[in-house]
Each structure stands twice: as structure tokens, then as C-alpha cells.
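Structure assessment
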Amino acid sequence: MAAITRLINRTTCSSSSVSYFARRSFSHAPQRVDPKDRNVQWVFLGCPGVGKGTYATRLCNLLRVPHIATGDLVRHELSSKGPLSQQLSEIVNQGKLVSDEIIINLLKARLAAGEAKGESGFILDGFPRTINQAEILEGVTDIDLVVNLKLEEEILLEKCLGRRMCSECGGNFNVASINMKGENGRPGTVMPPLLPPAHCMSKLITRADDTEAVVKERLRIYNETSKPVEEFYRSRGKLLEFDLPGGIPESWPKLLHALNLDDYEEKQSAAA
Ligand SMILES: Nc1ncnc2c1ncn2[C@@H]1O[C@H](COP(=O)(O)OP(=O)(O)O)[C@@H](O)[C@H]1O
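So, here is what we can say about the structure in this document.

Basis of the calculations
- Residues numbered from 1 in each chain as written.
- Predicted model: local features only at pLDDT ≥ 70, side-chain atom pairs only at ≥ 80, totals over all residues.
- Heavy atoms only, no water.
- Helix = DSSP H or I, 4+ residues; strand = E, 2+ residues; numbered from the N terminus.
- Buried < 20%, exposed > 50% of the residue type's maximum accessible area, 1.4 Å probe, protein only.
- Contact = heavy atoms within 4.5 Å.
- Areas by Shrake-Rupley, 256 points an atom, 1.4 Å probe, with all protein chains shown as cover.
- Near = heavy atom within 4 Å.
- Polar contact = N/O pair within 3.5 Å; in protein donor to acceptor, adjacent residues only side chain to side chain.
- Nonpolar A, V, L, I, M, F, W, Y, C, P; charged D, E, K, R; others polar.
- Phe/Tyr/Trp six-rings, centres within 6.5 Å; stacked < 30°, edge-to-face > 60°.
- Lys NZ or Arg CZ within 6 Å of the ring centre and 35° of its normal.
- Pairing = 2+ DSSP bridges.
- Axes fitted to C-alpha atoms, helices over the stretch in contact; angles between N-to-C directions.
- Disulfide = S-S within 2.5 Å.

A few words now on the overall build of the protein chain. When you go through the protein chain residue by residue, the secondary structure sums to 12 helices and 10 strands. When the 272 residues of the protein chain are sorted by exposure, 46% land in the buried category. Taking the intrachain contacts of the protein chain between residues at least 6 apart in sequence as the baseline, contacts between residues at least 24 apart amount to 73%. By element, 52% of the accessible surface of the protein chain is carried by carbon and sulfur atoms, the whole surface being about 13800 Å².

Below you can see the structure in the form of C-alpha cells.
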């Protein structure tokens, strides 16, 4: 983690110098820690609404690694009303991507804070979202695995519109009830709502960027800008494609199986 923070530290001048540095950093590769001697370094990819945050959080709790979501870093910056917040709110509320430079700075600060606490490993959620970001990451650290979560676009829209957050505890919920019939050999998808406990019910808020127009724009940008990141990792043999079969009870065990972690949960609870 120290190496990634040090190198990202030097990538903050402009997006063109960022990619220049990313390329250069290959020839000055830092000492990379053998995967045996550190925790996992994984990336979660997927369209808005697919559930990256939900599954990444669960895996982070299981594997005891930090969940680093760049969307959370952006929202935290927005709510802090700091110098960047006005600029960020305009970008985010239009469904656009924040510049690579800003996002790298936020990530750098998050990694430095983690490093100070002695964190090891991570699951990145929402980063990288451009080829430039993927190159920067490749220039500074090893990514072991990239999980690409997939769902039908129709479902993604409904799920984004159903997202709710408790303004008090920060818990994430979803009021959408998905019941999509199967057709042409494709199985149907049932995803029951993920309702909050009674004490959160009156405190639910909706993200300002979860309106229909903004979600459609985010999906468009994902397909145009972030989809190539899938190919970036596919060509390096690191991409694990995972079609979500349904809601959490159905998908979670299958995801653990796909990650060769079937017994991990039981072993962890037995050891606790
Ligand atoms: N890696 C990134 N690069 C650029 N912008 C980002 C990145 N991660 C997050 N953002 C900004 O934060 C917003 C919210 O991100 P996130 O919570 O990951 O949303 P989503 O629901 O689209 O997955 C994005 O629409 C974008 O404006």
C-alpha cells in the first residue's frame, strides 16, 4: 500500500501527465509485494445499480480488507462542502465522470489514510472507470482479480431508481421489486426489495444522481467509457465475468463459489 500511495502521489498534475506517469512507472516499477504476503487486491467492475457496493462490502467483511469506493469518496467530498464540492456536484448530478486528476487525488488521500492505519489489501469499487485510470493503477500496483458483475440494462435502471440510503446510519437499501420474465432461453430474474429496518424507514433519502435521466446518462457513459476497461483486464486474463442470477440470497453463494471461497465463510465463523 505504501508503494501505491507514493506513486499516486506523483500523478496529480494533469490528466495527460497522469498517463505519461503511468507509462513511465512501468520502467521504475516499485517492489511489488508477493500476493502470498499480503491481502487480496481486487477490483469490482459493473454498470451503475448492478450491486458492486453490496457485494464488495460483503466480501470485504469476509476477507477483512478495506472497501474503497470512489463514488463514496466523491459523495464524502460533496457533503464536506469543501472547495471542490460545487464543481463536483455539477458533474455528478449530470451523471458525468469526475476528472481522472480529481479522482486520483481523492483515492490517494484515502490510501494514505489507510496506510497510516496499517491497512493491507483492498477491494476497489468504481475505480478504474477509464482506460487512463486502469493504466495508472497497473503502473503502481498489482491487481490480482477483476470481478465484472452483470445484469440486464432494464433491471439496472429499476434498481438505481429504487436505491435508498438511511440519512442517519448510512445503510443502503433498495425498494425496487424486480420480477423479469425469462424469454428466448434467457432465465427470468427475481430480485426482492432490500427493505430497511423499521427505525430507518422514515429517514430514507434518494441520491440526487438516481433520477431516470441521470441514470440513463450514467449507463450511456459506462458503455462508452468504462466498458473498454473490461477489455483491458480481459486481455490480461484477469477478468471474472459474473452474471447475477437474482437477489442476494441466490447470488451470494454463487459468487463465493465463482471466487473459490465456498468454505471460507464457514471456516471464518468456526474460527471466530
Ligand atoms: N473512478 C471514477 N472516475 C470518475 N468519476 C467517478 C469515479 N468513481 C465515481 N465517480 C463519480 O461519482 C459518481 C458516483 O459514483 P458511484 O457511486 O460509483 O456510482 P454508480 O452508481 O454509477 O456506480 C459517478 O457518477 C461519477 O460522477
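This part covers the site of the ligand. Near the ligand, the surroundings consist of 18 residues, among which T70, K96, G126, R163 and R218 are the closest. Separating an oxygen atom of the ligand from a backbone N or O atom of K96 is a distance of 2.6 Å. In the environment of the ligand, an oxygen atom lies 3.2 Å from a nitrogen or oxygen atom belonging to the side chain of R207. Top element by residues in the shell around the ligand is helix α4 (residues 70-79). It accounts for 4 residues. Across the shell around the ligand, the residue classes break down as 7 nonpolar, 4 polar and 7 charged.

Overall, the coordinates contain 1 aromatic pair when judged by the stated rule. Between F232 and Y233, the ring centres sit 5.1 Å apart and the planes meet at 85 degrees, which makes this aromatic pair edge-to-face. In this structure, F232 and Y233 share a single accessibility class: buried. Directly above the aromatic system of W252 lies the positively charged group of R58, at a separation of 5.2 Å from the ring centroid.

Okay, the environment of G53 next. You can see G53 is positioned in helix α3 (residues 52-63). Not counting the four nearest positions on each side in its chain, G53 is found in contact with H67 and D125.

Here 5 strands make up an open sheet; going across it, the order is β2-β3-β1-β4-β10 and the pairing parallel. Each edge of the open sheet is held by one strand with a lone partner, namely β2 (67-69) and β10 (239-243). Each neighbouring strand pair of the sheet contributes to a mean axis angle of 20 degrees, computed without reference to strand direction.

Tallied over the entire structure, the rule returns 0 disulfides. Free cysteine: C47, not disulfide-bonded; nearest cysteine sulfur from C160 at 9.0 Å. Judged by relative accessible area, C47 falls into the buried class, the value being 12%.

Now for the pairing of strand β1 (residues 41-45). Counting buried residues in β1 gives 5 out of 5 residues, a clear majority hidden from the surface. The alternating pattern of β1 places Q41, V43 and L45 and W42 and F44 on opposite faces, both of which are buried. Where β1 lies against strand β3 (residues 122-125), 4 bridges are found, and the strand directions are parallel. Bridge pairing in β3 places Q41 opposite F122. Two strands pair when backbone bridges link them, and β1 and strand β4 (residues 145-150) are joined in this way by 4 bridges, in the parallel orientation. Looking across to β4, one finds that F44 is bridged to V147.

On to the environment of G114, then. You can see G114 is positioned in helix α6 (residues 100-116). On the basis of relative accessibility, which here comes to 0%, the residue G114 falls in the buried class. Placed 45 residues apart in sequence, G114 and K159 show a C-alpha to C-alpha distance of 31 Å.

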